[in-house]
Amino acid sequence: MADYLTITTASLRQLPFDFSGNVKRVTQAIEQAFKNGANILLMPELALTGYGCEDNFTFQEFHEATSDALDKVIQATKELGKDYPAMLVSVGLPLLYPGGQVYNASAIISAKGLHGFVCKQFLARNGLHYEPRWFEAWPRSRVIEHPHYRVPMGDLVVDCKGVRIGFETCEDSWISNRPGRDLYQRNVDIILNPSASHFASGKFDIREQFILEGSRAFGVAYAYANLNGTENGTSIFDAGCMIASEGRMVSYGDRFNCRDVLLNHAIVNISANRVTRITSSEAIGAFKEELEINLPYTLTTQTPPWKQALQPAIANDLLNEFWEELSDDDRIHAEICYAIANGLWDWMQRTHTHGYIVSMSGGADSGLAATLVYLSHYLALHQLGAQEYRKKLPKPWLESIPEYSEESGDYGYWLKQYVMPKVLMCLYQGTDNSSEITFNAAKGVSENIGATFEHWNVQKIVDDYIGLVNQIYPKQPLNWNDDDIALQNIQARSRSPGVWMLANRENKLLIATSNLSESALGYATMDGDTSGVLSVVSGLSKTRIRKINNWLEKQGLPVEGHHGFHRLTIPAMGLINAQQPTAELRPVEQTDEEDLMPYIICDSIMQSYLVRQMWPKSILIDLLMQGHGEIYSLEQLGHFIERWFRLFCRNPWKRYGTRAGFHVEQISLDPKTFHRFPLLNASFAEPLAQMWDYIKEQQTQTEHDSCQKQTTSAIKSASKS
């Protein structure tokens, strides 16, 4: 008869240095898994401490605290497991070898205690990841004894009365020579993948692909557990645990949920997975007993709780079916909104502040930033339910926020009526160059999302600064012909002190509003639109922001919650979408694209440089292959590329001065964690010259071909006559 077992994955919302809180959430997952009849519980990579502890991973006192936390988890597992059948628990943690180095490991625990540690073999070092700075990679096929815990550590396989369990830890599964290949040779039945994989647009599909392929190719049940939330303030973990068996996905966990502990489970048929290995054309190698832990536990049953198998996963992700039905852009925009909303919820909760304040310009960036604050509370309300959501709000607010009841209308009405005016303040700060169009857009969006809207005029402050400078240069007063940048920037900077004062008085987080495209080119005013604590849209290109704003106006965010499935639209976004992006800092009409270049070109150059790692000539060819040559001449494209690189190389110091922001798209310009670039440089002068040489060659060739064609045509005409 077939053998079955139940695998449970847990996604945890952990916080660096919150050892007692982290232990509490780990213990909650263990307790719930015991109650649900799990045979194996998989928790994420570094779940005990959180992934974002950074340089503290090498602190000895940090490891003392981690060891204490592990002891508490082991003891709690012993207590909780007294009245339940055997369950194997895997929890990720940093592991110090005494007198040696630190390893990224998973502890293997049961009600009988600690049995060993499995160590990560391949360390992530691209993008945001700097794991080799803190951890040592574990060599394949090596096992030693940990001198403190007196248990084996290394490249282990766990054997529970014939059910064999191996590990791939996050990055291990992203490489070509993944450990799963070796685990197939070691005849494992289950591969557990504890991960800390941050969100980036489109990344979930890649995870799903290697999980499915791992299950199919290696003939195993494959379980994947990921962290949840924004533990270090910039990387957003989107949960999304998965379990595959027989080459197909059998369980999806919730994504972007603001609950602290999320579980999902699946009952898998071990015997059916073994068929793949039995019928495989690849021979399986001999076992090496020194690389194994043998535990006297029976994890399988031949009479599974089949009714439970028919029920949805414990987390019951209500949106999973819908994700599959979304078109490409629809899905990308939904994921981005959910991710940033999730991050904003964590920032407010973990800084213990009273919400946010945004200096609303009436433009695309500040409009989306404010809307995302609203979405963070709208989604949290639907995910937690009104009662639990209300408990998460600042205590001083509760007297003036009545409890929700069905008589209060739908959740959206109650949220905008009682909560959002306290959560978010939007401030429009006009000058003589501001227009009614942007004022009405700022006011309309603020009212649409239920925020408190205020406005004032800062022209007098601007005039006072101009007057002070003119006192120094009485014969050369400031004028628009000679001092364009100075006169623009003083308007943006004059808006900063007042909104900071409001933020301080209200105990709110000030949101900066610069975006990824403008950050690349330095098209932002230091101490102006870069002022703030958190730059909400800094991880989004301008092209993406405009698309999302149109999508929020016309299609809306898919939401499943208290009142069933619906699309949440922001109709007032139409007031922003009808405009061309403009800073409104000059007395004459001004648009951002006239100052820079078309945003679609700007963002294409940025993608080619950061993702494909190309230089100017290669980028020009790339733009031509994308079809931009049908709209712009070679020379125009050359000027766009040159301007992009000149501005990019001139302004790296601005990128060092921008505020913390979320990593959302596949690329980032955060100079501290993603793209490191020299402050002083030669501005790509030689590569740009090579590009212009290529353009001249192409123009010369085109002229030659044209002349030859004309000559041939003339000869043919003459021969006919």
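What this report covers is the structure whose coordinates are included nearby. Just so it is clear, the structure is predicted and the values come from calculations on it, not from any experiment. (Residues numbered from 1 in each chain as written. Predicted model: local features only at pLDDT ≥ 70, side-chain atom pairs only at ≥ 80, totals over all residues. Heavy atoms only, no water.)

Opposite charge on two side chains lets them pair, provided their charged atoms get close. Applying the stated rule across the entire model yields 33 salt bridges. Of the charged contacts, one joins E131 and K120 as a salt bridge, the two residues approaching to 2.8 Å between their closest N and O atoms. With E131 in helix α3 (residues 131-134) and K120 in the loop between β5 (113-119) and α3, this pair connects stretches of sequence that are eleven residues apart. Judged by relative accessible area, E131 falls into the buried class, the value being 1%. Several salt bridges converge on common partners, so that one network encompasses D205, R207, D238, R255, R331 and E335. (Salt bridge = Lys/Arg side-chain N within 4 Å of Asp/Glu carboxyl O. Helix = DSSP H or I, 4+ residues; strand = E, 2+ residues; numbered from the N terminus. Buried < 20%, exposed > 50% of the residue type's maximum accessible area, 1.4 Å probe, protein only.)

Further remarks concern the side chain of T169. Within the fold, T169 resides in the loop between β9 (163-167) and α4 (179-185). Residue T169 is classed as buried on the basis of its relative accessible area of 3%. The residues contacting T169, other than those within four sequence positions of it, are E45, N104, K120, N193 and P194. (Contact = heavy atoms within 4.5 Å.)

In this section: a negative patch on the surface. Judged by side-chain charge, E61, E64, D68 and D71 come together as a negatively charged surface patch. Its location among the elements puts E61 in helix α2 (residues 60-80). Owing to a relative accessible area of 64%, E61 belongs among the exposed residues under this scheme. (Patch = residues over 30% accessible without salt bridge, like charges linked within 9 Å, V, L, I, M, F, W, Y side chains within 5 Å. Areas by Shrake-Rupley, 256 points an atom, 1.4 Å probe, with all protein chains shown as cover. Lys, Arg positive; Asp, Glu negative; His and termini not counted. Charge placed at Lys NZ, Arg CZ, Asp CG, Glu CD.)

Two cysteines joined by a covalent bond between their sulfur atoms form a disulfide. If you walk through the whole model with that rule in mind, you get zero disulfides. Unpaired in this structure, C53 has its nearest cysteine sulfur neighbour in C170, at a distance of 16 Å. The thiol sulfur of C119 is not disulfide-bonded, and the nearest other cysteine sulfur, from C170, lies at 15 Å. A residue is classified by how much of its surface remains accessible, and C119, at 2% relative accessible area, is buried. (Disulfide = S-S within 2.5 Å.)

With burial as the criterion, each face of strand β8 (residues 157-160) is covered, one bearing V157 and D159 and the other bearing V158 and C160. As paired strands, β8 and strand β17 (residues 292-295) are joined by four bridges and run parallel to one another. Residue V158 lies in a different strand from β17, and its bridge partner there is I293. Here β8 pairs with β9 via three bridges, running antiparallel. (Pairing = 2+ DSSP bridges.)

Now for the pairing of strand β3 (residues 88-96). Counting buried positions over the nine residues of β3 gives eight, a clear majority of the element. Of the pairings in the sheet, the one linking strand β2 (residues 40-42) to β3 comprises three bridges and is parallel in character. Within β3, the residue paired with L42 across the bridge is S90. Across eight bridges, the pairing between β3 and strand β4 (residues 102-110) is antiparallel. Bridge pairing in β4 links G92 to S106. Where β3 hands over to β4, the hairpin turn is made up of five residues, of which G99 adopts a positive phi near 75 degrees.

What follows deals with the packing of aromatic side chains. Inspection of every chain in the model, using the stated rule, returns 32 aromatic pairs. Where Y609 meets F648, the ring centres are 5.2 Å apart and the plane angle is 70 degrees; that geometry is what we call edge-to-face. A residue pair is termed long-range when its members are at least 10 positions apart, and Y609 in helix α21 (residues 599-610) and F648 in helix α23 (residues 634-650) qualify at 39 residues. Judged by relative accessible area, Y609 falls into the buried class, the value being 8%. Taking relative accessible area as the criterion, F648 reaches 0% and is therefore assigned buried. Members of the aromatic cluster, each reached through a chain of ring pairs, are Y609, W615, W644, F645, F648, F677 and F684. Above the face of the F204 ring, R255 is positioned so that its terminal group lies 4.1 Å from the ring centre. It is R655 that lies over the ring of F648; its NZ or CZ is 4.0 Å from the centre. (Phe/Tyr/Trp six-rings, centres within 6.5 Å; stacked < 30°, edge-to-face > 60°. Lys NZ or Arg CZ within 6 Å of the ring centre and 35° of its normal.)

Let us now look at the sheet that holds strand β19 (residues 424-430). The sheet built from six strands is open, its strands ordered β20-β19-β18-β21-β22-β25 with parallel pairing. Of all the strands in the sheet, the pair left with one neighbour each is β20 (452-457) and β25 (660-661). As defined by bridge partners, strand β18 (residues 356-360) adjoins strand β21 (residues 509-512) across three bridges and the pair is classed as parallel. Paired with V358 across the bridge in β21 is I511. Sheet contacts for helix α12 (residues 411-423): β18, β19 and β20; angle to β19, the most-contacted strand, approximately 60 degrees. (Axes fitted to C-alpha atoms, helices over the stretch in contact; angles between N-to-C directions.)

This part takes up the packing of helix α10 (residues 364-384) against α12. At a closest axis distance of 11 Å, the pairing of α10 and α12 adopts a crossing angle of 130 degrees. For the element pair α10 / α12, the angle class is oblique. The chirality of how α10 crosses α12 is right-handed. In this structure, α10 contributes V373, Y374, H377, Y378, L381 and H382 to the contact, and α12 contributes Y411, G412, W414, L415, K416, M420 and V423. (Parallel < 35°, antiparallel > 145°, perpendicular 65-115°, else oblique. Left-handed = near helix turned anticlockwise from the far one by under 90°.)

This part covers the nonpolar core. With 73 residues, the main nonpolar core has Y389, L424, L552 and L557 as its most contacted residues. Per-element tally for this core: the top contributor is α10, with 13 residues. Each residue touching L424, except ones within four places of it in the same chain, is listed here: Y356, I357, V358, A370, V373, I449, A451, T452 and K508. By size, the runner-up hydrophobic cluster in this structure holds 47 residues, among which are V73, V89, F135 and L263. (Core = buried A, V, L, I, M, F, W, Y, C linked by side-chain atoms within 4.5 Å.)

Its 17 residues place the ends of α23 24 Å apart at the C-alpha level, agreeing with the 24 Å of an ideal helix rising 1.5 Å per residue. Taken as a whole, α23 has its buried residues at L637, G638, F640, I641, W644, F645, L647, F648 and C649. (Expected span 1.5 Å × (residues − 1).)

Here the focus is the packing of helix α9 (residues 328-351) against α10. As a packed pair, α9 and α10 sit with axes 8 Å apart at the nearest point and diverge in direction by 85 degrees. Taken together, the axes of α9 and α10 lie roughly perpendicular to each other. Across from C337, Y338, I340, A341, L344, W345 and M348 in α9, the residues of α10 making contact are L372, V373, L375, S376, H377, L379, A380, Q383 and L384. Its residues placed into classes, the contact of α9 with α10 shows 13 nonpolar, three polar and no charged. (Nonpolar A, V, L, I, M, F, W, Y, C, P; charged D, E, K, R; others polar.)

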